[in-house]
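Okay, here's what each chain looks like letter by letter:
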Amino acid sequence: ARQSVYAATGDTTSVAGGRLSFVLGLQGPCVSVDTACSSALVALHSGALAIRAGECRSAVASAVGLKLAPMVTLVAAGAGMLSVDGRCKTWDKGANGYVRSEGVGSTVLRAVSDGASGALALSGSAVRQDGRSASLTAPNGSAQRGLLVAAMAVAGLEASAVGGVEAHGTGTALGDPTEAGSMAAAYCAGRESALAVGAAKAGIGHAEAASGMAGLCKVAQQLLRSAVAGNTKLRVLNPLVRERL
């Protein structure tokens with residue numbers, strides 16, 4: 001019923017995180033994040049900062065991307081943003097738009113002193129915004145490069161120490177070449193070793209708010225298995241991507 005209290009709390013973004021804290025009895029910082037496609041990773045960043053600041057000893061970063069109403073899909077399709085054949089061809093010459101998908105994921109962060117068997121370490125993270133670009137949704141290559149460089153600085157890493165990158169990789173004519181140029185500028189100057197670059201979206205589509213969590217889970221599995229997943233549907237490298245590498 002529209003007048004039900006459950007309808008009011010169920011449609012409020014702030015309550016999404018609060019509901020988990022309520023059910024699990026968590027009393028540390030609780031924040032619902034909406035930064036579009038980066039929401040999952042910004043939530044992870046916020047949790048890491050809270051642990052480092054001593055506000056809590058562990059944190060749960062969760063992300064959900066569900067397509068419960070058709071409006072956004074219809075608008076995106078009408079604007080020519082979606083792949084006409086429903087295939088996300090990241091880095092490929094035939095890339096023709098992104099593919100909407102759904103996803104749910106969570107990860108647990110703990111203070112380094114607590115330790116955990118088989119755990120992976122988050123050395124550092126950074127959050128930035130594109131600022132002014134060609135349009136509201138157009139990427140800004142210099143801003144992307146600044147983000148990558150800032151994250152490495154926080155982690156205390158040199159570009160040569162980075163062996164792989166999980167890219168945003170939307171499979172769009174503008175996004176892919178821009179991101180390739182940003183990664184090349186941040187990681188490849190004077191580089192002698194190979195850099196593995198992948199994108200989960202090529203295999204599972206763009207889960208939007210949950211997309212970063214999907215990429216994080218993919219990276220975690222690759223590190224734990226000492227293997228790198230290939231880029232699905234990559235047949236012929238986009239010439240504009242090649243120019244920037």
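The sections below set out a description of the structure shown in this document. (Residues numbered from 1 in each chain as written. Predicted model: local features only at pLDDT ≥ 70, side-chain atom pairs only at ≥ 80, totals over all residues. Heavy atoms only, no water.)

Attention shifts here to the overall build of the protein. From N to C terminus, the protein includes 9 helices and 4 strands. Along its sequence from the N terminus, the protein presents helices and strands in the succession α-α-α-β-α-β-α-β-α-β-α-α-α. For the protein, the C-alpha radius of gyration of 19 Å lies close to 18 Å, the compact-globule estimate for 245 residues. Overall size of the protein, expressed as C-alpha extent along the three principal axes, is 55 × 45 × 35 Å. A burial count over the protein gives 34% of its 245 residues as buried. A sequence separation of at least 24 residues applies to 72% of the contacts in the protein between residues at least 6 apart. As presented, the protein carries roughly 14800 Å² of accessible surface, and 58% of it is formed by carbon and sulfur atoms. (Helix = DSSP H or I, 4+ residues; strand = E, 2+ residues; numbered from the N terminus. Rg over C-alpha atoms; globule rule 2.2 N^0.38 Å. Buried < 20%, exposed > 50% of the residue type's maximum accessible area, 1.4 Å probe, protein only. Contact = heavy atoms within 4.5 Å. Areas by Shrake-Rupley, 256 points an atom, 1.4 Å probe, with all protein chains shown as cover.)

Here we come to the environment of V149. One can find V149 in helix 5 (residues 141-155). As a C-alpha pair, V149 and G190 span 41 residues in sequence and 15 Å in three-dimensional space.

For the structure shown, the criterion picks out 0 disulfides. Its sulfur unpaired, C37 is 12 Å from the next cysteine sulfur, which belongs to C88. Cysteine C217 shares no disulfide, and the gap to the nearest cysteine sulfur, in C37, comes to 17 Å. Since its relative accessible area comes to 35%, C217 is described here as partly exposed. (Disulfide = S-S within 2.5 Å.)

For helix 6 (residues 175-187), with 13 residues, the first-to-last C-alpha span of 18 Å sits near the 18 Å given by 1.5 Å per residue. Burial within helix 6 is extensive, with 11 of its 13 residues counted as buried. Every buried residue of helix 6 is accounted for by G175, D176, P177, T178, E179, A180, S182, M183, A184, A186 and Y187. (Expected span 1.5 Å × (residues − 1).)

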